[in-house]
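Here's the letter readout for the chains.
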Amino acid sequence: MTRYPHLLRPLDLGHVTLPNRVLMGSMHTNLEETRDWNRVAEFYATRARGGVGLMVTGGMAPNREGGVFPGAAGLFTPEDIANQRIVTDRVHEAGGRIAMQILHAGRYAYGPDCVAPSPIRSPISPFPPKELDEAGIEKQIADIATAAARAREAGYDGVEVMGSEGYFLNQFLVTRTNRRTDRWGGAYENRMRLPVEVVRRVRAAAGADFILIYRLSMIDLVPEGSSWDEVVTLARAVEAAGASIINTGIGWHEARVPTIATSVPRAAFAWVTRKLMGQVAIPLVTSNRINTPEVAERVLADGCADMVSMARPFLADPDFVRKAATGRADEIAPCIACNQACLDHTFSGRISTCLVNPRAAHETELAIGQTETPRRVAVVGAGPAGMACALAAADRGHAVTLFEKSGRIGGQLNLARRVPGKEEFDLLVEWFTTMLSRKNIDLRLGEEADTAILAGFDAVVVATGVRPRDPAIPQGDGARVHGYADVLSGRVTVGRTAAIVGAGGIGFDVAEYLVQNAPSPTLSIDDWRSEWGVADPAAHRGGLADAHPEPAARTVTLLQRKPEKPGRNLGKTTGWIHRATLAAKGVRMLGGVNYERIDREGLHVTFGEARENPTLIKAESVILCAGQESEKTLADTLRAAGVEPHVIGGADHAAELDAKRAIDQGTRLGVAL
Ligand code: NAP
Ligand code: SF4
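Keep in mind it's a predicted model, so treat the numbers as computed, not measured.

**Notes on the overall build of the protein chain**
Turning to step 1, where the next piece is worked out: What the protein chain contains, in helices and strands, is 22 helices and 27 strands.
Turning to step 2, where the next piece is worked out: Relative to the compact-globule value of 26 Å for 673 residues, the protein chain shows a C-alpha radius of gyration of 26 Å, a close match.
Turning to step 3, where the next piece is worked out: For the protein chain, the C-alpha atoms occupy an extent of roughly 75 × 65 × 45 Å along the three principal directions.
Turning to step 4, where the next piece is worked out: The burial tally for the protein chain puts 59% of its 673 residues in the buried class.
Turning to step 5, where the next piece is worked out: Within the protein chain, contacts between residues separated by at least 24 positions form 72% of all contacts whose residues are at least 6 apart in sequence.
Turning to step 6, where the next piece is worked out: Taken together, the 76 basic and 79 acidic charged side chains of the protein chain have centroids lying 1 Å from each other.

Here you go:
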């Protein structure tokens, strides 16, 4: 008897039956743009072998003007269709099914040729769109329908018409972006004409025996967004026009409410899809922050949807479904929703991968094969780099001993998990614990490895991590100064006023930890909705109401020496959330300071190169978050003794150390050993 009866139940779509209720949601990985079709095919085939019911590709442009950026992939030529055949054939050979997402970006297209219902520039793009005339609208519809017909020719099992997230079709639906006075604007029946016509023409072009998913924005999270009546009206019209599945879209890209970041509670928006259940007869898919089979099963069992969409979890673990179905759910590598290696890469033009699984989208390059010469490998330090290396080396068939001088694995991950909104790090530490116990790894907790102990190994990997940098600020009587590790681990009590030295990732984390009073809102969907003003779209257009953040637990000032806005170097897709969270809690952020001294009154600073404007930042406690230095003592000692170790993670390079680089470096070394 499976623990996931709802999740693993087949779904009959009429002409085809999906083996389970799991959809791999669309992700733009930038893989298609490499034009390495073997690599693209392997990415999807790996996930098909992992048992997912249906996959949706990253967005493919229906025409040049609709591409997310100039040169975005699409089915424009017979060669494009032949290339996509490589992908679909490989997926079908692997027993999977795949639909192609047709994504017309409208005014979100990052290029000068972008088009939209009205010439209103989006706040997230520098390019003002051209307003389409009647012929221009007809061309867009025809191009989308043609893309669907070509997708069928290329062997796809279906298409997903992207109608949410503030893209082209969504732009027609709301008065925020549609100010037209012709038959495509004005009353809602006019504003929805284009999306409905697109579905009708796609169905006509692709035929009856073809999956047609419509991704419908159920809660726009922007001013002047759709009302709930409009959402229901559209869903019914889309069904009547020929859609076979409706997928849930949550929030426009320009929304100032996080929708998929790690601080968003799990399944935070399943209630929105549930509101639509029973209003249409075709299956509904729910989405956003569903990352374990337990959460997915609960959402389905609660009647929130007929199917769940997960996207990033399939980067973290392509075998998600197979492991869930075979009693190995605890071996599923978890997506912690950090965005660091997926969306942050996508939006900076790099190939997406995964912090937890660096092999994602690198399947052809980073394969773990069995070694022909098993060796005794010692790994010192069970932080992310050391653990990743130990697992990969063990998978290769080496005999691995992992030394950790503290009594627990995890290293800096144990600090991250203490930060409100970063609770998912718990799951990652749990997963590493499980995997280390399942592999043939001799884990020595509480044991400090030295030259003598390491002498008997064929290879030594030093992953001893980092130590906090001491900024050496002069201290007077009564100064209360703490390191971030003592604060986050709860070893010290911090006063009601605090100054934080250093506004990097950890400075921001500590600030969020210090201002949070009540339990983390990430643990309660209601609390989180109140913090961000996410309302029922039946009561508030677009589901947007006033935000009511809890008052801050402390008065906090966050400082840095660089004369720029603190937080500029945080994650590309998540930095704004951290800045907004702290702003909502009244945290003062100062750049361009010199630290002069700390005393019982607080932190004394001056500004600029001339050290002007001496200022006291009143603070009962001063917390040091001034970056890290590599812990290289063991590596140096080994070298002095004539042993050349492999040095990885923070011990190798402390600047901008993060778990992504540590796990990637550890995995790559483990594969190469
Ligand atoms: P970091 O991001 O490199 O920031 C170090 C901070 O210390 C900077 O604000 C720097 O600013 C300041 N600093 C450096 N040298 C100093 C000195 N001698 N005296 C006073 N201040 C000094 O390092 P981190 O905050 O320790 O984080 C480590 C890494 O963990 C980050 O790179 C990040 O990748 C990862 N991380 C990310 C997040 C996140 O994105 N939310 C959260 C946690 C950790 P000035 O030099 O301008 O003063
Ligand atoms: Fe999930 Fe982070 Fe991996 Fe992206 S990088 S798939 S958010 S764990």
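Having put the structure on the table, let's press on.
**What about the packing of aromatic side chains?**
Turning to step 1, where the next piece is worked out: Inspection of every chain in the model, using the stated rule, returns nine aromatic pairs.
Turning to step 2, where the next piece is worked out: Ring centres of Tyr 108 and Tyr 167 lie 5.5 Å apart, and the angle between their planes is 85°; on these two criteria the pair is classed as edge-to-face. In this pair, Tyr 108 is assigned in the loop between β5 (98-102) and β6 (115-116) and Tyr 167 in the loop between β8 (158-163) and α4 (168-173), connecting sequence segments 59 residues apart.
Turning to step 3, where the next piece is worked out: The exposure class assigned to Tyr 108 is buried, which follows from its relative accessible area of 7%.
Turning to step 4, where the next piece is worked out: The class for Tyr 167 is buried, based on a relative accessible area of 9%.
Turning to step 5, where the next piece is worked out: Between the aromatic rings of Phe 269 and Trp 528, the centroid separation amounts to 5.8 Å while the plane-to-plane angle is 90°, which identifies the pairing as edge-to-face. Here Phe 269, found in the loop between β10 (245-250) and α8 (270-276), pairs with Trp 528, found in helix α19 (residues 525-532); they are 259 residues apart in sequence, far enough to count as distant.
Turning to step 6, where the next piece is worked out: Given a relative accessible area of 0%, Phe 269 falls into the buried group.

**Considerations on the sheet that holds strand β23 (residues 602-607)**
Turning to step 1, where the next piece is worked out: Spatial strand order, β22-β23-β24: three strands in an open sheet with antiparallel pairing. At either end of the open sheet lies a strand with only one pairing partner, and these are β22 (593-599) and β24 (612-618). For this sheet, the mean inter-axis angle between neighbouring strands, taken without regard to orientation, is 25°.
Turning to step 2, where the next piece is worked out: Sheet topology places β23 next to β24; five bridges connect them, and they run antiparallel.

**With respect to the domain arrangement of the protein chain**
Turning to step 1, where the next piece is worked out: Here the protein chain is partitioned into domain 1 (11-330), domain 2 (376-467 + 629-672) and domain 3 (481-517 + 552-626).
Turning to step 2, where the next piece is worked out: Measuring from the centre of the C-alpha atoms in domain 2 to the corresponding centre in domain 3 gives 30 Å.
Turning to step 3, where the next piece is worked out: Taken residue by residue, the interface counts six residues in domain 2 and 10 residues in domain 3.
Turning to step 4, where the next piece is worked out: Summed over both partners, the interface of domain 2 with domain 3 buries about 740 Å², with 61% contributed by carbon and sulfur atoms.
Turning to step 5, where the next piece is worked out: Among the residues of domain 2 in contact with domain 3, Leu 415, Arg 418 and Pro 420 are the three that bury the most area, contributing 62% of the side total.
Turning to step 6, where the next piece is worked out: At the junction of domain 2 and domain 3, the tally comes to one salt bridge.
Turning to step 7, where the next piece is worked out: For Asp 509, the salt bridge goes to Lys 422, with nearest N and O atoms at 3.1 Å.

**Things to note about helix α18 (residues 505-515)**
Side chains three or four residues apart in an α-helix point the same way, a direct result of the helix having 3.6 residues per turn.
Turning to step 1, where the next piece is worked out: Along α18, eight of the 11 residues are buried, which leaves the element largely enclosed by surrounding structure.
Turning to step 2, where the next piece is worked out: Among the residues making up α18, those that are buried are Gly 507, Phe 508, Asp 509, Val 510, Ala 511, Glu 512, Leu 514 and Val 515.
Turning to step 3, where the next piece is worked out: Each element contacted by the buried residues of α18 is listed here: α17 (484-488), β19 (497-501), β20 (555-559), α20 (575-584), β21 (588-590) and β25 (621-624).

**Some thoughts on the side chain of Arg 529**
Turning to step 1, where the next piece is worked out: Residue position: Arg 529 is located in helix α19.
Turning to step 2, where the next piece is worked out: It is Asp 526 that comes nearest to the buried, bridge-free Arg 529 among opposite-charge side chains, at 4.7 Å.
Turning to step 3, where the next piece is worked out: The contact partners of Arg 529, leaving out residues within four places of it in the chain, are Trp 271, Val 534, Ala 535 and Asp 536.

**So, the packing of helix α13 (residues 384-396) against helix α15 (residues 425-438)**
Turning to step 1, where the next piece is worked out: Where α13 meets α15, the axes come as close as 10 Å, and the angle between the chain directions of the two elements is 35°. Viewed along their axes, α13 and α15 form a crossing whose handedness is left-handed. For the pair α13 and α15, the contacting residues are Met 387, Ala 388, Ala 390 and Leu 391 in the first and Trp 431, Phe 432, Met 435 and Leu 436 in the second.
Turning to step 2, where the next piece is worked out: When grouped by side-chain class, the residues that make up the contact of α13 with α15 number eight nonpolar, no polar and no charged.

**Quick notes on the side chain of Asp 509**
Turning to step 1, where the next piece is worked out: With respect to the helices, strands and loops of the structure, Asp 509 is situated in helix α18.
Turning to step 2, where the next piece is worked out: Each residue touching Asp 509, except ones within four places of it in the same chain, is listed here: Val 419 and Lys 422.

**Description of the pattern of salt bridges**
Turning to step 1, where the next piece is worked out: In this structure the tally under the stated criterion is 44 salt bridges.
Turning to step 2, where the next piece is worked out: A salt bridge links Arg 47 to Glu 363; the shortest N-O distance between them is 2.7 Å. Of this pair, Arg 47 sits in helix α1 (residues 37-49) while Glu 363 is found in the loop between α12 (343-346) and β13 (376-380), placing the two residues 316 residues apart along the sequence.
Turning to step 3, where the next piece is worked out: On the basis of relative accessibility, which here comes to 0%, the residue Arg 47 falls in the buried class.
Turning to step 4, where the next piece is worked out: Measuring nitrogen to oxygen at the nearest pair gives 3.5 Å for the salt bridge that ties Glu 197 to Arg 201. Of this pair, Glu 197 and Arg 201 are both found in helix α6 (residues 193-206), four residues apart, which corresponds to roughly one turn of the helix.
Turning to step 5, where the next piece is worked out: Salt bridges sharing partners connect three or more residues here, namely Glu 138, Glu 197, Arg 200 and Arg 201.

Cut-offs and rules
Per chain, the residues get numbers from 1 upward, laid out in the order the sequence is written. For naming, the first written chain is A and the first written ligand is 1, with later ones following in the order written. pLDDT decides what is reported in this predicted model: residues at 70 or higher carry local features, side-chain atom pairs at 80 or more are listed and counted, and totals for whole chains, interfaces and linings draw on all residues regardless. Side-chain numbers come from the whole structure's heavy atoms, not from hydrogens or water. In this text, helices come from DSSP runs of H or I with a minimum length of four residues, and strands from runs of E with a minimum of two, each type numbered from the N-terminal end. Only the C-alpha atoms count toward the radius of gyration. The rule for a globule is 2.2 Å times the residue count to the power 0.38. Exposure is judged per residue with a 1.4 Å probe applied to protein chains only, and the accessible area is read against the type maximum: over 50% gives exposed, under 20% gives buried, and values in between give partly exposed. By definition, residues are in contact when any of their heavy atoms lie within 4.5 Å. Residues counted as positive are Lys and Arg, residues counted as negative are Asp and Glu, and His and the chain ends are not counted. The atoms used to mark charge sites are NZ of Lys, CZ of Arg, CG of Asp and CD of Glu. Between 30 and 60 degrees the pair is tilted, below 30 it is stacked and above 60 it is edge-to-face, where a pair is any two Phe, Tyr or Trp rings, Trp via its six-membered ring, whose centres lie within 6.5 Å. Here a strand pair is declared whenever DSSP counts at least two bridges between the two strands. Axes, fitted as lines to C-alpha atoms, cover a helix only where it is in contact. Angles between the N-to-C directions of the axes lie from 0 to 180 degrees. Domain borders in the structure are assigned automatically or taken from a domain database. Accessible area that two parts lose when put together, with a 1.4 Å probe and added across both, is what the buried area reports. Salt bridge, as applied in this entry: a Lys or Arg side-chain nitrogen positioned within 4 Å of an Asp or Glu carboxyl oxygen. Left-handed describes a crossing whose near helix is turned anticlockwise from the far helix through less than a right angle; right-handed describes the clockwise counterpart. Residue type decides the class: Asp, Glu, Lys and Arg count as charged, Ala, Val, Leu, Ile, Met, Phe, Trp, Tyr, Cys and Pro as nonpolar, and the leftover types, Gly among them, as polar.

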